[in-house]
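What follows is the residue order along each chain.
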Amino acid sequence: MLVTTSGLRGVQLVHGALLRRHAFSAAAPFGYECLGHYRRFTDGTLHTTLHTAQGQTTRIFSTEVDALVDLWSSRRHVDQETLF
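Remember, predicted model here, so these are calculated numbers, not experimental data.

The rules we used
Residues numbered from 1 in each chain as written. Predicted model: local features only at pLDDT ≥ 70, side-chain atom pairs only at ≥ 80, totals over all residues. Heavy atoms only, no water. Helix = DSSP H or I, 4+ residues; strand = E, 2+ residues; numbered from the N terminus. Buried < 20%, exposed > 50% of the residue type's maximum accessible area, 1.4 Å probe, protein only. Contact = heavy atoms within 4.5 Å. Polar contact = N/O pair within 3.5 Å; in protein donor to acceptor, adjacent residues only side chain to side chain. Salt bridge = Lys/Arg side-chain N within 4 Å of Asp/Glu carboxyl O.

Visitor: What should I look at first to understand the overall build of the protein in this one?
Guide: The secondary structure content of the protein amounts to 1 helix and 5 strands. Overall, the protein shows an N-to-C arrangement of helices and strands of β-β-β-β-β-α. By the burial criterion, 30% of the 84 residues in the protein qualify as buried. Taking contacts inside the protein between residues at least 6 apart in sequence as the whole, the part at least 24 apart equals 27%.

Put into structure tokens, the structure is as follows:
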């Protein structure tokens, strides 16, 4: 699921996240695991970060829609890595 925190008070570091259901654990206390997120920087760019088995992948976009599309389209790639 994609979650945007734009417009919410008190949220400063992450402006949106890509989450998936996960078994309840210390790493996922609410039953969701964060696969990636995006942040807006002062210059107006949005940086997406995707957490993969090889590490983190970061990309830069100019619009929130592009950042959301990038995270959403990357979900299959992350799922395939974690299956094996």
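On we go.
Visitor: What is the right way to look at the side chain of His 37 in this model?
Guide: Among the structural elements, His 37 can be located in strand 3 (residues 32–40). Taking the relative accessible area as the measure of exposure, His 37 reaches 17% and is therefore buried. Those residues in contact with His 37 that sit more than four places away from it in its chain are Val 14, Gly 16, Ala 17, His 47, Thr 48, Thr 49, His 51 and Leu 71.

Visitor: Can you walk me through the side chain of Thr 48 in this structure?
Guide: Inspection of the secondary structure assignment puts Thr 48 in strand 4 (residues 46–52). Taking the relative accessible area as the measure of exposure, Thr 48 reaches 1% and is therefore buried. Engagement of the side chain of Thr 48 in a polar contact is seen with the side chain of Asp 70, the distance being 3.0 Å.

Visitor: What is the right way to read the pattern of salt bridges from this model?
Guide: Working definition: two side chains of opposite charge can pair if their charged atoms are close together. One pass over the full model with this rule turns up 2 salt bridges. With a closest N to O distance of 3.0 Å, Arg 20 and Glu 33 form a salt bridge. Linking Arg 20 in strand 2 (residues 16–21) with Glu 33 in strand 3, this pair joins segments that are 13 residues apart in sequence. Between Asp 70 and Arg 59 there is a salt bridge, with its nearest N and O atoms 2.6 Å apart. Taken together, the positions of Asp 70 in helix 1 (residues 64–82) and Arg 59 in strand 5 (residues 55–61) put the pair 11 residues apart, joining distant regions of the chain. Among the residues examined, Asp 70 registers a relative accessible area of 12% and is labelled buried.

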